[in-house]
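# Summary of structural features
So the chains spell out like this:
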Amino acid sequence: MVVIHFLENKSIVLSQLRSTIPSVDEPIKIKGKKGKVVDIKTIDERVIHVYVEFEKVVVKNQPASKEVKNKKR
């Protein structure tokens, strides 16, 4: 069993105690976000840092409804 720290931009996203180590370019899903493993570094015998790159989420702006535009009198 090894401790795996999943990192994105030098910040820890998730830490897990796992028996398997993910491989490079493996698709992964953490906290509902899809991404892929970019790099793996072994820090210690039992500690491994896995660098993850998440897909960018595009948020579309919804137009305001007509009810909000009309003032109530």
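For the structure itself, consult the block above.
Let me begin by describing the structure that accompanies this report. Keep in mind that what you see is a predicted model, and the values were worked out from it rather than measured.

Quick notes on the rules
- Residues numbered from 1 in each chain as written.
- Predicted model: local features only at pLDDT ≥ 70, side-chain atom pairs only at ≥ 80, totals over all residues.
- Heavy atoms only, no water.
- Helix = DSSP H or I, 4+ residues; strand = E, 2+ residues; numbered from the N terminus.
- Buried < 20%, exposed > 50% of the residue type's maximum accessible area, 1.4 Å probe, protein only.
- Contact = heavy atoms within 4.5 Å.
- Areas by Shrake-Rupley, 256 points an atom, 1.4 Å probe, with all protein chains shown as cover.
- Phe/Tyr/Trp six-rings, centres within 6.5 Å; stacked < 30°, edge-to-face > 60°.
- Lys NZ or Arg CZ within 6 Å of the ring centre and 35° of its normal.
- Pairing = 2+ DSSP bridges.
- Axes fitted to C-alpha atoms, helices over the stretch in contact; angles between N-to-C directions.

Moving on: the overall build of the protein. Assigned secondary structure in the protein consists of 1 helix and 5 strands. In the protein, the succession of α and β elements from N to C terminus is β-β-β-β-β-α. Relative to its 73 residues, the protein shows a buried fraction of 21%. Across the protein, contacts joining residues at least 24 apart in sequence account for 27% of those joining residues at least 6 apart. When the accessible surface of the protein is summed, it comes to about 6500 Å², and 50% of that surface belongs to carbon and sulfur atoms.

The next point concerns the packing of aromatic side chains. Using the criterion set out here, one finds 0 aromatic pairs in the structure. Over the ring of Phe54 we find Lys33; its NZ or CZ atom is 5.1 Å from the centre of that ring.

Looking now at the sheet that holds strand β2 (residues 11-18). Read across the sheet, 5 strands follow the order β2-β1-β5-β4-β3 without closing on themselves; strand pairing throughout is mixed. Across the chains shown, the open sheet's two edge strands, defined by having one partner strand only, are β2 and β3 (27-30). Each neighbouring strand pair of the sheet contributes to a mean axis angle of 40°, computed without reference to strand direction. As paired elements, strand β1 (residues 2-8) and strand β5 (residues 47-54) share 5 bridges and run parallel to each other. Its bridge partner lying in β5, Val3 is registered against Val47.

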